[in-house]
Amino acid sequence: MIYFDHNATAPVIREAREAWLQATEKLSGNPSSLHQPGTDAAMALDDAREKLAAMMACDPSCIIWTSGATEANNTVLHHFAHNLDPAGHIFVSAIEHPCVEESARHYFGGRVKTIPVTGEGVVDLDWLTKEIAREPPGLVAVMAANNETGVLQPWREISTLCRAYDLPYFTDAVQFLGKLPTRGLGDCDYVSGAAHKFGGPRGAGFLKIPRRSRLTPLLRGGKQEAGRRAGTENLPVIAAMLAALEVREQQLARGEHHPRQAWRDHFETQFLRAIPAATILGLNQPRLWNTVSALMPEGDRKSQWVMRLNQAGFAVSTGSACTAGKDEPSRVLAAMGCPSAHALRALRFSAGWETTAADWGALFRAMVQVYSEGRRQK
Ligand code: PLP
């Protein structure tokens, strides 16, 4: 099976597996215990925290380990729900992952103002600039890169804008981390990440918060993470997450993403030539180098394509892992002005660092074959 669903979950890489094994076998103490095995585990935890803080250019005390991005993102909304003026409103982009969007609605209800996106899937910075000046919100939430389209969001500009107004800015960097350099991300006040998107294990994530911020914990009942997240830290998955992220940062520093972007671009050119009735979302925007979000020609439902490609040996997706399998139009595509009938034809191909030019070529040929068979049957 050739795997094109890395935006859902990427396979665990060797370095992460080894770090997990090492921590499991050699660091079996509880980091909160005072004896030697506990102290060894606590030191390893600190080491991982320092490494991540160095990548994000923030103080290690700003890093909180979580079970993943869903928990990290819920923690942010929960914190603001408890600390903002009860009448205050927040700005949340129209293309956030459900774990941001739904928790924002849960805690803030009608006090959530949606930041619109353009037809190409980029947050409308003009709208945001005007609205911030008109009625400053208590929080601005805009992700770093979209999980369905791969379109990069102007998080640097938003961070600067929020700073000018002294507003907290939260960016879900789950899809960005490990695909593009973390440099600068630490300037955003709140940043979340999840290991399983870049070669680390599932069940590991983090939240970066501002220095000296008094976070209201989502999970209570323990003094771990300086009282900001109760529960024994899962050291093996944290160590594995850092090992994977370090590998990705090194690959990025060597520019290894550039040829991979060229393979993806070549696939898109060939694909549009062979199936001209298809379109690619966000085609002219800066995007993650691994993602293609395609609207297939009319009459082709996305789940049928996924099944046919699966039979041909390719794992692809209909969009977000949360809505995959349901023939429902995506909220992200709706926000981009895509009519729901069109959005039902959306497919997402997301490559990984291990995906080769030959894999993209094989996917292209399979697409053409499935397309021709479908036409013959009509
Ligand atoms: N945020 C984004 C942008 C995502 O793509 C995902 C997962 O697909 C999440 C948050 C949630 O991550 P997890 O399911 O690992 O908690």
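Residues numbered from 1 in each chain as written. Predicted model: local features only at pLDDT ≥ 70, side-chain atom pairs only at ≥ 80, totals over all residues. Heavy atoms only, no water.

Of regular secondary structure, the protein chain possesses 13 helices and 12 strands. Compactness check: the protein chain gives a C-alpha radius of gyration of 21 Å against a globular reference of 21 Å for 378 residues, within 12% of the reference. The C-alpha extent of the protein chain, read off along each of the three principal axes, is 70 × 55 × 35 Å. Sequence-distant contacts, at least 24 apart, represent 71% of the contacts inside the protein chain between residues at least 6 apart. Of the accessible surface of the protein chain, which amounts to about 15,800 Å², a share of 53% is contributed by carbon and sulfur atoms. Averaging the positions of the 41 positive and the 39 negative side-chain charges in the protein chain gives two centres separated by 3 Å. (Helix = DSSP H or I, 4+ residues; strand = E, 2+ residues; numbered from the N terminus. Rg over C-alpha atoms; globule rule 2.2 N^0.38 Å. Contact = heavy atoms within 4.5 Å. Areas by Shrake-Rupley, 256 points an atom, 1.4 Å probe, with all protein chains shown as cover. Lys, Arg positive; Asp, Glu negative; His and termini not counted. Charge placed at Lys NZ, Arg CZ, Asp CG, Glu CD.)

Tallied over the entire structure, the rule returns 18 salt bridges. Of the charged contacts, one joins Arg163 and Asp189 as a salt bridge, the two residues approaching to 3.2 Å between their closest N and O atoms. With a gap of 26 residues between them, Arg163 in helix 6 (residues 155-164) and Asp189 in the loop between strand 6 (169-172) and strand 7 (190-194) connect regions that are remote in the sequence. The buried category is assigned to Asp189, whose relative accessible area is 16%. Here Glu256 and Arg254 are joined by a salt bridge, their closest N and O atoms 2.6 Å apart. One connected set of salt bridges, linked through shared partners, spans Lys113, Glu131, Arg134 and Glu135. (Salt bridge = Lys/Arg side-chain N within 4 Å of Asp/Glu carboxyl O. Buried < 20%, exposed > 50% of the residue type's maximum accessible area, 1.4 Å probe, protein only.)

Further remarks concern the domain arrangement of the protein chain. What the domain assignment lists for the protein chain is domain 1 (2-9 + 255-377) and domain 2 (14-252). For domain 1 versus domain 2, the separation of C-alpha centres amounts to 28 Å. Taken as a group, Leu288, Arg331 and Trp353 account for 24% of the area that domain 1 buries against domain 2, more than any other trio of residues on that side. The interface formed by domain 1 and domain 2 contains one salt bridge. Of the charged contacts in the structure, one is a salt bridge between Glu354 and Arg248, with a shortest N-O distance of 3.2 Å. When residues of the side of domain 1 that touches domain 2 are traced back to their parent elements, those giving at least two are strand 10 (291-295) and helix 11 (331-335). Sorting elements by how many residues they give to the side of domain 1 that touches domain 2 places helix 11 first, with four residues. Class assignment of the residues belonging to the side of domain 1 that touches domain 2 gives a composition of 12 nonpolar, 14 polar and five charged. (Domains from an automatic or database assignment. Buried area = accessible area lost by both parts, 1.4 Å probe. Nonpolar A, V, L, I, M, F, W, Y, C, P; charged D, E, K, R; others polar.)

The buried fraction of strand 12 (residues 346-350) is high, at five of five residues. Every second residue of strand 12 is oriented toward a common face, with Ala346, Arg348 and Ser350 on one face and Leu347 and Phe349 on the other, all of them buried. Sheet topology places strand 10 next to strand 12; five bridges connect them, and they run antiparallel. Paired with Val292 across the bridge in strand 12 is Phe349. (Pairing = 2+ DSSP bridges.)

The subject of this paragraph is the sheet that holds strand 2 (residues 63-66). Taken together, the seven strands give an open sheet; going across it, the order is 2-8-7-6-5-3-4, and neighbouring strands pair in mixed fashion. Strands at the two margins of the open sheet, each flanked by one partner only, are strand 2 and strand 4 (112-115). The pairing of strand 3 (residues 90-93) with strand 4 spans four bridges and is classified as parallel. Within strand 4, the position partnered with Ile90 by the bridge is Val112.

Turning next to the site of the ligand. The environment of the ligand is formed by 13 residues, the closest being Thr70, Asp172, Gln175, His196 and Lys197. A distance of 3.3 Å separates an oxygen atom of the ligand from a polar atom in the backbone of Ala69. One of the side-chain N or O atoms of Lys197 is found 2.6 Å from an oxygen atom in the ligand. Bound to the protein, the ligand loses 86% of the 390 Å² it would expose on its own. Across the shell around the ligand, the residue classes tally to five nonpolar, six polar and two charged. (Near = heavy atom within 4 Å. Polar contact = N/O pair within 3.5 Å; in protein donor to acceptor, adjacent residues only side chain to side chain.)

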